[in-house]
Amino acid sequence: MSFAVITLLRLASRRLATGARIAVVAALVLGAPAQAATYYVSPTGIDTNAGTSLGTAWRTIAKANQTLVAGDNVLIQPGTYTDGIVPAASGTSGSRITYVGTLVGRGLVSVASIDLTGRSYVSAKGVTSRGSLAVSGGSGGVAAQYDTVSYVTVLGSAVVNGAYRCYFANDSIGTGDYGDNFSVASSTSGSRTQYTKFVDCDFNLASSRQPHSFQTTQMLNSEFTRCRFRLAVVAGTYDVAEPSIHYRARDNTWTDCKFTIKNLFIPGANLNERYALNLRDSSRFNAFVRDTFFVDPTSTGAVKLQFAVAGAYNDWNGVSNIGSCAYNSWRNCFIRLDGIVGMQTTGSHGYNFTGNTFILKSAFRPAGFSSVDPPTDSLTFRHNTVISTTNSAFSTYGQGLTRSTLRSNIFYATGANAAGTVEISNESTYANSSDSNLVYATGQTEAGAFGVRPSGTTSAPGPGHVLCDTYGKDCHSLWGDPQLTNVSWATADPTPRAGSIALSSGLWTDGYVGAINPGTSVGDLIPPAAVGDLVLALISDHTIVMRWTATGDDGTTGQASAYDLRWSNQPITAANFAAATPVAIQPVPDVAGTPQSYVLTDLTLSTNYYFALRVVDRSGNWSSLSNVLAATTKATDTVPPAPTTLGP
């Protein structure tokens, strides 16, 4: 299907000037300025042709692979090709090699695979790989450098092993089938993946054993921005199968990413919990900013998160048996999980947690899970809100915290509080500086605010109690209900209500406690409402006009960020929506309640079409599927032209 670009630009891109819109379309189609030569590949071509025009197109991508040199472009026409994109040469910094399919619908150009191993300055755009994607270092330790992969769908797995300053944008990797996985590691020749970016990518991965669904090893200085991870552990799982794990990863950032984990373990299997994330083996200086971690509601097993695991590299300061993960930070993240969250069998060093919300079915455990675990060193835990449905919200049971600071947090438990809302191993090893915290457990009294294991003693915060008078801890902390908006695990909102003690500026060192600043609210977790009134406004032999009402950013209020409008010749459902074809130029959401319309031209006559859309906000929250619009184009043109008004 081809769409009339000029018509779509006029109707669907109100926010851009006309000239800017045309420039955008030109950039998407060509991907680079005109350079050495432009070639064509078509299912009706012949490899002995010149390949320099659509009428003289080649038949195979293999012909393009062997022909393209620095500066060349190849435009791949819609069709299914038995060969893959495997360039024989590299481009240069000023003259890339570019493969371009179609952004009208990535599924229209289907190739066997994409393999840029050992290649640099190569771009692949607007195609679907039925197999795998590889952007990896080649022989001699040379990384794949400055490659770009954008608007590409990969129906299998992807490896990025030894990629230097490569760029991935708006890609979709995996279909959620068993065996779809994503690996970032060193290449076989030793080059490492570093300074590589992933922006607005979707990862839909699943495994039941190693390799893990999403794994990085020795990744350096790389970025994931606004990426969405749907990771599953399927039935038949082994102990070593984990959705997301990172070995010796350093100086990387994850910003505004969303992780949804589905754990379909077999009941009674060994270690049925699985990781939403696991940092181990000297992973250091990684930052997580405004990320969210959720359990898929269809999970049958629990999902945990481990910020530090010693693994095989217990080498902190040359001392064995001490954890080596260090200086990782978490800022303004939202974590709602039903398994263990904390550090396992290791101490960690220099971790910083600021402004995070933890909604847990267990306690947050920053100091190991048992009395033999080494202490956590130099932890900063400030302005976090921990809500737990068990008897403790925060537990330093183990060897405690050394040279650490806990300040301006809310610790809230809804369980029986048998061991204290905050559970510690002993008073002297409980953080060097812990103060100005708000502690509360429903149905309990302040006497059990802090519980000591294994002795079973307890202490309230403030002067006159042992924790303050004997050990100088939490002398300005308070017991009291922070009056949070919602403390249920499934729908928690940690925003304090007006008048909450958490917002009483005169009581606290920083003027407030918890993750939510006064006057602000929890991160955007509310998706746009689904469009429910997608209707047919006009239909002819080659044109369809559809209409609907804009929903919003949060439900039916505000203004959403983008639409994903797709078509198919088969009925569209939530299960097959991702396989439908996106329209060429997406409509732009208007303010909630505003009527909107969209025109599709150059359709095939007497053909059944189905349309549906989803809506997304700036935080990556997606609506559910709209109602599905079915339409059949006419056999002949029955729509008269608009009347013409002649001038005087």
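All of the points below concern the structure found in this document.

### Topic: the overall build of the protein chain
Then, in step 1: The secondary structure content of the protein chain amounts to four helices and 57 strands.
Then, in step 2: In the protein chain, buried positions account for 54% of the 648 residues.
Then, in step 3: Long-range pairs, those at least 24 residues apart, make up 73% of the contacts in the protein chain with a sequence separation of at least 6.
Then, in step 4: Approximately 25000 Å² of the protein chain is accessible, and the part contributed by carbon and sulfur atoms is 53%.

### A word on the state of the cysteines
Then, in step 1: A complete count under the given rule lists one disulfide for this structure.
Then, in step 2: Each disulfide pairs two cysteine sulfurs, and for Cys 468 the partner residue is Cys 475, the sulfurs being separated by 2.0 Å. Between Cys 468 and Cys 475, the S-S dihedral sits near 105 degrees, and the bridge is therefore right-handed.
Then, in step 3: No disulfide involves Cys 257; its sulfur sits 4.8 Å from the nearest other cysteine sulfur, which is in Cys 227.
Then, in step 4: By relative accessible area, Cys 257 is classed as buried at 2%.

### Here we look at the sheet that holds strand β56 (residues 608-616)
Then, in step 1: Ordered in space as β54-β53-β56-β57, the four strands form an open sheet in which the pairing is antiparallel. Every interior strand has two partners, whereas the edge strands, β54 (581-582) and β57 (629-632), have only one.
Then, in step 2: The pairing of strand β53 (residues 562-568) with β56 spans seven bridges and is classified as antiparallel. Looking across to β56, one finds that Leu 565 is bridged to Leu 613.

### Side note on the packing of aromatic side chains
Then, in step 1: Under the definition given, this model contains 44 aromatic pairs.
Then, in step 2: Judged by centre distance (5.8 Å) and plane angle (80 degrees), the rings of Phe 214 and Phe 224 are edge-to-face. Of the two residues, Phe 214 sits in strand β20 (residues 214-217) while Phe 224 sits in strand β21 (residues 223-225), which places them ten residues apart along the sequence.
Then, in step 3: Classification of Phe 214 as buried rests on a relative accessible area of 0%.
Then, in step 4: Residue placement shows Arg 165 over the ring face of Tyr 195; its charged tip is 4.4 Å from the ring centre.
Then, in step 5: One Lys or Arg, Lys 361, reaches over the ring of Trp 489 and ends 4.3 Å from the middle of that ring.

### Remarks on the sheet that holds strand β52 (residues 544-549)
Then, in step 1: Strand order in the open sheet formed by three strands is β51-β52-β55, with antiparallel pairing between adjacent strands. Sheet topology places β51 (535-539) and β55 (595-600) at the edges, where each strand pairs with a single neighbour. Shown here is a sheet whose adjacent strand axes are inclined to one another by a mean of 25 degrees, direction ignored.
Then, in step 2: Bridge count between β51 and β52: four bridges; the pairing is antiparallel. Within the sheet, the bridge partner assigned to Ile 539 lies in β52 and is Ile 544.

### So, the pattern of salt bridges
Should their charged atoms come close, side chains of opposite charge can pair.
Then, in step 1: Under the definition given, this model contains eight salt bridges.
Then, in step 2: We note a salt bridge from Asp 281 to Arg 280, for which the minimum N-O separation is 3.1 Å. Across the pair, exposure class does not vary: Asp 281 and Arg 280 are buried alike.
Then, in step 3: Each of Asp 202, Arg 228 and Arg 230 takes part in salt bridges that share partners, so that together they form one network.

### Digging into the environment of Val 74
Then, in step 1: Topologically, Val 74 is positioned in strand β2 (residues 73-76).
Then, in step 2: Between the C-alpha atom of Val 74 and that of Tyr 40, which follows or precedes it by 34 residues, the distance is 5.4 Å.
Then, in step 3: When sequence neighbours within four positions are dropped, the list of residues in contact with Val 74 reads Tyr 39, Tyr 40, Val 41, Ala 64, Leu 68, Thr 98, Tyr 99 and Val 100.

### Regarding unusual backbone geometry
Then, in step 1: Of note in the backbone geometry, Tyr 195 takes a positive phi value of approximately 55 degrees without being a glycine.
Then, in step 2: With respect to the helices, strands and loops of the structure, Tyr 195 is situated in the loop between β17 (182-185) and β18 (197-199).
Then, in step 3: On the basis of relative accessibility, which here comes to 34%, the residue Tyr 195 falls in the partly exposed class.
Then, in step 4: Unlike most non-glycine residues, Ser 436 shows phi in positive territory, near 55 degrees.
Then, in step 5: Along the polypeptide, Ser 436 turns up in the loop between β44 (433-435) and β45 (438-441).

### Here's the deal with the side chain of Asp 83
Then, in step 1: As for its placement among the helices and strands, Asp 83 is situated in the loop between β3 (79-80) and β4 (97-100).
Then, in step 2: Salt bridges are absent for the buried Asp 83, whose nearest opposite-charge side chain, Arg 59, sits at 6.2 Å.
Then, in step 3: Here the side chain of Asp 83 touches Ile 61 through a polar contact of 3.1 Å, landing on its backbone nitrogen.
Then, in step 4: The contact partners of Asp 83, leaving out residues within four places of it in the chain, are Thr 60, Ile 61, Ala 62, Val 111 and Ala 112.

### Let's talk about the pairing of strand β31 (residues 334-337)
Then, in step 1: Every second residue of β31 is oriented toward a common face, with Phe 334 and Arg 336 on one face and Ile 335 and Leu 337 on the other, all of them buried.
Then, in step 2: Note: β31 against strand β34 (residues 357-360), four bridges, orientation parallel. By the bridge assignment for β34, Ile 335 is matched with Phe 358.

### Section: the environment of Phe 285
Then, in step 1: With respect to the helices and strands, the residue Phe 285 is situated in the loop between β26 (274-280) and β27 (287-289).
Then, in step 2: Residue class for Phe 285 comes out partly exposed when judged on its relative accessible area of 44%.
Then, in step 3: For the pair Phe 285 and Gly 350, spaced 65 residues apart in the sequence, the C-alpha separation amounts to 9.2 Å.
Then, in step 4: Setting aside residues up to four positions removed in sequence, Phe 285 forms contacts with Asp 251, Asn 252, Ala 326, Tyr 327 and Asn 328.

Criteria and cut-off values
- Residues numbered from 1 in each chain as written.
- Predicted model: local features only at pLDDT ≥ 70, side-chain atom pairs only at ≥ 80, totals over all residues.
- Heavy atoms only, no water.
- Helix = DSSP H or I, 4+ residues; strand = E, 2+ residues; numbered from the N terminus.
- Buried < 20%, exposed > 50% of the residue type's maximum accessible area, 1.4 Å probe, protein only.
- Contact = heavy atoms within 4.5 Å.
- Areas by Shrake-Rupley, 256 points an atom, 1.4 Å probe, with all protein chains shown as cover.
- Disulfide = S-S within 2.5 Å.
- Pairing = 2+ DSSP bridges.
- Phe/Tyr/Trp six-rings, centres within 6.5 Å; stacked < 30°, edge-to-face > 60°.
- Lys NZ or Arg CZ within 6 Å of the ring centre and 35° of its normal.
- Axes fitted to C-alpha atoms, helices over the stretch in contact; angles between N-to-C directions.
- Salt bridge = Lys/Arg side-chain N within 4 Å of Asp/Glu carboxyl O.
- Lys, Arg positive; Asp, Glu negative; His and termini not counted.
- Polar contact = N/O pair within 3.5 Å; in protein donor to acceptor, adjacent residues only side chain to side chain.

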